[in-house]
Amino acid sequence: MNENEGARRDETIEPAPRAENEGVRLQKVLAEAGIGSRRHCEELIGEGRVKVNGKEVFRFGERVDPRRDVIHVDGRRVETRAEMRYYMVNKPRGVVSTMSDERGRKSLADYVEVPERLFHVGRLDTDTEGLILLTNDGELSHRLTHPSWGVEKTYLAEIHGPIPRDLGKRLRAGVRLEDGLVKADKFRIFDQVGKRILVEITLHEGRKHIVRRMLKEAGFPVQQLARIQFGPIKLGMLKPGNMRALTVREVGELYKAVDL
Ligand code: URA
C-alpha cells in the first residue's frame, strides 16, 4: 500500500461535515425514537447524557442523520431508524419456531400481529415454550445468535428428583455430548413440589436441543422446558401466545450485549 492509498482510507473514516441546516434536530430525533418529550430530551442533552457517534453533545441545535448517526443515551444505543421493529413473543408449546410451516402446523406467524416482515432470532424446539425475539434488524439478529458473542439464554426445566447436591457443580464443570462438551454458566433450583423439580439453567450455547441433551446426559431427562431470558431481555409475565414490542431501553440493552 502506498502513502496515497493510506491517506484516502483515512479520509473515508471521518463523516463528511454537515451543512448548517442539514439533518434533523437531535432532540426531535430522540423524542421520535421514544425517549420522552422534546423538553425531556433537551434536558438529557444539557446534562451531557447524549452521545452522537461517540462524542458528547451539549448543543440543542445539533442536527443528526437518524439513518446514519449512532446515538447513545446513558450509554445505551437508541435506534433511530424509523422502520426498525423489535418484539418478543412467548411461543406456546407445540408451535414451530418459523414464520410459516409447509405442513400446516401452528407457527410464529399465528401470533404475530404486525404487518412488517420480521425474523425470529434463533429457535426453540417445538416442545419448548418461551421467549423468542422478533426483529427486522439483520445485524442485531446475526450477532445475538452468533457464537462469537456468546449471548446467555436462561431456561426453566422440569426434571424428576431427587437430584444429587452436586448436580449444579457437575453441569458447570461440563457434560460431554456427542458434539462436544457443554457447560452451564449458572444453575439453581427454582422450585420443588415433591419429586417435580424446576431448575433454572443459563447457557451461552445455541446448539440444537442443548438443554434437553445436557440434562438427559446428566441423568435427568427434561419433562418440560421454557426459555425465560435471552441476553438482557426477560420474558416476565408475558403469557404464552402473546407478543409485545420491546421498550427503547430493552433495545439499547440488546445492542450493548453485542457491542453495537
Ligand atoms: N435447549 C433445548 O433443548 N431446547 C430448546 O428449545 C432450547 C434449548
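Residues numbered from 1 in each chain as written. Predicted model: local features only at pLDDT ≥ 70, side-chain atom pairs only at ≥ 80, totals over all residues. Heavy atoms only, no water.

Quick word on empty space enclosed by the protein
Empty space among the atoms can be located by rolling a probe the size of a water molecule over them.
Line of reasoning, step 1. Taken as a whole, this structure holds one cavity of 30 Å³ or more when the rule is applied.
Line of reasoning, step 2. The space that makes up the largest cavity amounts to roughly 30 Å³.
Line of reasoning, step 3. Every residue along the wall of the largest cavity is listed here: Tyr86, Tyr87, Val121, Leu133, Leu134, Thr135, Leu140, Leu144, Leu246 and Leu254.
Line of reasoning, step 4. Of all the secondary structure elements, the ones that give two or more residues to the lining of the largest cavity are strand S7 (86-91), strand S9 (129-135) and helix H4 (138-145).
Line of reasoning, step 5. When residues in the lining of the largest cavity are grouped by element, the largest group, three residues, is from S9.
Line of reasoning, step 6. Broken down by class, the residue content of the lining of the largest cavity amounts to nine nonpolar, one polar and no charged. (1 Å grid on protein atoms, 1.4 Å probe; cavity = no way out; pocket = protein on both sides within 12 Å on 5 of 7 lines; lining within 4 Å. Points joined across faces, edges and corners; volume = space filled by probe spheres on them. Helix = DSSP H or I, 4+ residues; strand = E, 2+ residues; numbered from the N terminus. Nonpolar A, V, L, I, M, F, W, Y, C, P; charged D, E, K, R; others polar.)

So, the nonpolar core
Line of reasoning, step 1. One finds Leu134, Ile159, Leu171 and Ile201 to be the most contacted residues of the largest nonpolar core, which totals 34 residues.
Line of reasoning, step 2. Contributions of two or more residues to this core are made by S7, S9, strand S10 (153-160), helix H5 (167-173), strand S11 (175-177), strand S14 (196-203) and helix H6 (210-217).
Line of reasoning, step 3. Residues lining this core come from more than one domain, with at least three contributed by each of domain 2 (86-147 + 238-257) and domain 3 (152-230).
Line of reasoning, step 4. In this structure, leucine 171 is in contact with Val182, Lys183, Ala184, Phe187, Ile201, Met214, Leu215 and Ala218, ignoring residues within four places of it in sequence.
Line of reasoning, step 5. Counting residues in each nonpolar core, the second largest holds 18 residues, with Met88, Phe230, Leu246 and Leu254 among its members. (Core = buried A, V, L, I, M, F, W, Y, C linked by side-chain atoms within 4.5 Å. Buried < 20%, exposed > 50% of the residue type's maximum accessible area, 1.4 Å probe, protein only. Domains from an automatic or database assignment. Contact = heavy atoms within 4.5 Å.)

Overview of the packing of aromatic side chains
Line of reasoning, step 1. All chains considered together, the criterion is met by one aromatic pair.
Line of reasoning, step 2. Centroid distance tyrosine 86 to tyrosine 255: 6.4 Å. Interplanar angle 65°. Geometry classified as edge-to-face. Here tyrosine 255 lies in helix H7 (residues 248-257) and tyrosine 86 lies in strand S7, a separation of 169 residues in the sequence.
Line of reasoning, step 3. The ring of tyrosine 255 is capped by arginine 77, whose NZ or CZ atom sits 4.6 Å from the centre of that ring.
Line of reasoning, step 4. Across from the ring centre of phenylalanine 230, 5.4 Å away, lies the NZ or CZ of lysine 153, which sits over that ring. (Phe/Tyr/Trp six-rings, centres within 6.5 Å; stacked < 30°, edge-to-face > 60°. Lys NZ or Arg CZ within 6 Å of the ring centre and 35° of its normal.)

With respect to the site of the ligand
Line of reasoning, step 1. Around the ligand sit Leu124, Asp125, Thr128, Tyr155, His209, Ile210, Val211, Arg212 and Leu225, and that is every residue in its neighbourhood.
Line of reasoning, step 2. At 3.2 Å, a backbone N or O of histidine 209 approaches an oxygen atom of the ligand.
Line of reasoning, step 3. Within the complex, 96% of the 230 Å² of free accessible area of the ligand lies under protein.
Line of reasoning, step 4. Residue composition of the shell around the ligand, grouped by class: five nonpolar, two polar and two charged.
Line of reasoning, step 5. Both domains that furnish three or more residues to the shell around the ligand are identified here as domain 2 (86-147 + 238-257) and domain 3 (152-230). (Near = heavy atom within 4 Å. Polar contact = N/O pair within 3.5 Å; in protein donor to acceptor, adjacent residues only side chain to side chain. Areas by Shrake-Rupley, 256 points an atom, 1.4 Å probe, with all protein chains shown as cover.)

Some remarks on the UniProt feature "domain: RNA-binding S4" (unreviewed entry) in the protein chain
Line of reasoning, step 1. UniProt feature "domain: RNA-binding S4" (unreviewed entry): in the numbering of this structure it lies at residues 24-83.
Line of reasoning, step 2. Across residues 24-83, the secondary structure splits into 27% helix and 25% strand, with the terminal C-alpha atoms separated by 17 Å. (UniProt positions renumbered as here; feature names shortened; annotations may be inferred.)

Details of the sheet that holds strand S6 (residues 76-78)
Line of reasoning, step 1. Strand order in the open sheet formed by four strands is S3-S2-S5-S6, with antiparallel pairing between adjacent strands. Two strands in the sheet have a free side with no partner beyond their single neighbour: strand S3 (55-56) and S6. (Pairing = 2+ DSSP bridges.)

Quick word on the pairing of S9
Looking down a regular strand, the side chains alternate between one sheet face and the other.
Line of reasoning, step 1. In terms of burial, S9 is a largely internal element, seven of the seven residues being buried.
Line of reasoning, step 2. Bridge count for S7 against S9 is six bridges, and the pairing is antiparallel. Along S9, the bridge assignment pairs asparagine 90 with leucine 131.
Line of reasoning, step 3. In terms of strand pairing, strand S8 (residues 119-121) meets S9 through three bridges, oriented antiparallel. Note that in S9 the partner of valine 121 across the bridge is leucine 133.

Side note on the pairing of strand S13 (residues 186-193)
Line of reasoning, step 1. Of the pairings in the sheet, the one linking S13 to S14 comprises seven bridges and is antiparallel in character. Across the sheet, the residue bridging to valine 193 is arginine 196, located in S14.
Line of reasoning, step 2. Counted along the chain from S13 to the antiparallel partner S14, the turn is two residues long, and its residue glycine 194 has a positive phi close to 60°.

Things to note about the pattern of salt bridges
Line of reasoning, step 1. Across all of its chains, the model carries 20 salt bridges by this definition.
Line of reasoning, step 2. The shortest N-O distance in the salt bridge between arginine 244 and glutamate 250 comes to 2.9 Å.
Line of reasoning, step 3. By relative accessible area, which is 29% here, arginine 244 ends up partly exposed.
Line of reasoning, step 4. With relative accessibility at 13%, the residue glutamate 250 sits in the buried group.
Line of reasoning, step 5. Of the charged contacts in the structure, one is a salt bridge between arginine 249 and glutamate 253, with a shortest N-O distance of 4.0 Å. Of the two residues, arginine 249 and glutamate 253 are both situated in helix H7; the distance of four residues between them amounts to about one turn of the helix.
Line of reasoning, step 6. With relative accessibility at 23%, the residue glutamate 253 sits in the partly exposed group.
Line of reasoning, step 7. Salt bridges sharing partners connect three or more residues here, namely Asp179, Glu205, Arg207 and Arg213. (Salt bridge = Lys/Arg side-chain N within 4 Å of Asp/Glu carboxyl O.)

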